[in-house]
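Structure at a glance
Residue-level listing of the chains:
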Amino acid sequence: MNFTNFGKYLLLLKAVFRRPEKFKIYLKAIFKQMDFIGVGSIGLIAIISTFIGAVMTLQIAFQLVSDFIPKTIIGSVNRDSSILELSPTITAIVLAGKIGSAISSEIGTMRVSEQIDALEIMGINSPGYLILPKILAGITMVPLLVIMSMFLSIGGGYLGGTLSGAVSPAEYIQGITTDFNPYTIVVALVKAFVFGFIITSVPAYEGFYVKGGALEVAQASTRAVVVSCISILACDYIVTQLLL
């Protein structure tokens, strides 16, 4: 995304948050997007988080070869890495692929079929009407999915560690409950909020300015996922640098 595109993106966001019509109009659309972004992604996030937690526990146990390091450290390392990095970032990247492409395709199809032009002729603020519900749903549901991912990742670590014999249940539970810093949850939720905004606004921008036909809509969807993933990783670094 070069400076011209970034400027157009900022101008689109300005239009999204400008002159809101009656909020009642948006409520139905917001709940529909919450269902699509949040409820529709629960199964996928649950499976990925559980397996990532289990694999992380096995890898941490594999690397702890010294007899002087207590096995309880496995639980605490898995807990902190899941909360601070794996749950927010992996959830966001998976959602960027699933939701980002759908948002970009939906708005891009409306653009090439001139439905957005029809909305503007009727005097409706089309960026606000089409994009604002998606952004509000994203910044609401992505943090909730990340919280769910944290619990499932730590739970998956318990299952993976105990079933494989890498760590005993008592040692793992002692590890995840010892020296817990609640501030890590705050950092993770700030990341989730930022990622939720990126996942919904960047694909909406790519779809909104599509020109051409079906091929260009498909290219915009691909571009939306790539730019969203790069933006997520860049913002991950920035938020981590600022808050930790």
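Residues numbered from 1 in each chain as written. Predicted model: local features only at pLDDT ≥ 70, side-chain atom pairs only at ≥ 80, totals over all residues. Heavy atoms only, no water.

- Under the annotation held in an unreviewed UniProt entry, the chain carries the name ABC transporter permease and is attributed to Pedobacter frigoris.

**Some remarks on the overall build of the chain**
- Of regular secondary structure, the chain possesses 9 helices and 0 strands.
- Counted from the first residue to the last, the chain has its helices and strands arranged as α-α-α-α-α-α-α-α-α.
- Dimensions along the principal axes, computed over C-alpha positions, put the chain at roughly 70 × 35 × 30 Å.
- A buried classification covers 45% of the 244 residues belonging to the chain.
- Total accessible area computed for the chain in this model is approximately 12300 Å², and 71% of it derives from carbon and sulfur atoms.
- Averaging the positions of the 16 positive and the 14 negative side-chain charges in the chain gives two centres separated by 11 Å. (Helix = DSSP H or I, 4+ residues; strand = E, 2+ residues; numbered from the N terminus. Buried < 20%, exposed > 50% of the residue type's maximum accessible area, 1.4 Å probe, protein only. Areas by Shrake-Rupley, 256 points an atom, 1.4 Å probe, with all protein chains shown as cover. Lys, Arg positive; Asp, Glu negative; His and termini not counted. Charge placed at Lys NZ, Arg CZ, Asp CG, Glu CD.)

**A look at the confidence of the model for the chain**
- Looking at the chain as a whole, the pLDDT averages 92, with 98% of positions reaching at least 70.
- By mean pLDDT, helix α2 (residues 23–37) is the weakest element of the chain at 88, and helix α8 (residues 183–208) is the strongest at 95. (pLDDT = per-residue confidence, 0-100.)

**A short note on helix α9 (residues 214–243)**
- When the terminal C-alpha atoms of α9 are compared, their 43 Å separation across 30 residues agrees well with the 44 Å that a helix rising 1.5 Å per residue should span.
- Within α9, burial applies to Val217, Ala220, Ser221, Ala224, Val227, Ser228, Cys229, Ile232, Asp236 and Val239.
- For α9, the secondary structure elements touched by its buried residues are α4 (72–112) and α8. (Expected span 1.5 Å × (residues − 1). Contact = heavy atoms within 4.5 Å.)

**Examining the UniProt feature "transmembrane region" (unreviewed entry) in the chain**
- Taking the UniProt record as the reference, the feature "transmembrane region" (unreviewed entry) is found at residues 36–62, 135–159 and 180–200.
- For residues 36–62, the helix share is 85%, the strand share is 0%, and the end-to-end C-alpha distance is 39 Å. (UniProt positions renumbered as here; feature names shortened; annotations may be inferred.)

**Quick word on the pattern of salt bridges**
- A full pass over the atoms with the stated rule returns 6 salt bridges.
- Here Lys191 and Glu85 are joined by a salt bridge, their closest N and O atoms 3.2 Å apart. You can see Lys191 sitting in helix α8 and its partner Glu85 sitting in helix α4, a full 106 residues away along the chain.
- By relative accessible area, which is 1% here, Lys191 ends up buried.
- Judged by its relative accessible area of 32%, Glu85 is partly exposed. (Salt bridge = Lys/Arg side-chain N within 4 Å of Asp/Glu carboxyl O.)

**Let's talk about the packing of aromatic side chains**
- One pass over the structure, following the stated rule, counts 5 aromatic pairs.
- Three or more aromatic residues joined by ring pairs form one cluster here, namely Phe6, Tyr9, Tyr205, Phe208 and Tyr209.
- The residue whose ring lies beneath Arg111 is Phe208, and the NZ or CZ to ring-centre distance is 4.7 Å. (Phe/Tyr/Trp six-rings, centres within 6.5 Å; stacked < 30°, edge-to-face > 60°. Lys NZ or Arg CZ within 6 Å of the ring centre and 35° of its normal.)

**Thoughts on α2**
- The first and last C-alpha atoms of α2 sit 20 Å apart over 15 residues, in line with the 21 Å expected at 1.5 Å per residue.
- Within the sequence span of α2, burial applies to Tyr26, Ile30, Gln33, Met34 and Ile37.

**Describing the side chain of Thr184**
- Structurally, the position occupied by Thr184 is in helix α8.
- When near neighbours in sequence (up to four residues on either side) are disregarded, Thr184 contacts Ile83 and Leu84.

**Observations regarding the packing of helix α6 (residues 126–164) against helix α7 (residues 169–177)**
- At a minimum axis distance of 9 Å, the contact between α6 and α7 shows a crossing angle of 150°. Relative to α7, α6 is oriented roughly antiparallel. The way α6 lies across α7 gives a crossing that is right-handed. The segment α6 lies against α7, with Ile154, Gly157, Tyr158 and Thr162 engaging Pro169, Tyr172, Ile173 and Ile176. (Axes fitted to C-alpha atoms, helices over the stretch in contact; angles between N-to-C directions. Parallel < 35°, antiparallel > 145°, perpendicular 65-115°, else oblique. Left-handed = near helix turned anticlockwise from the far one by under 90°.)

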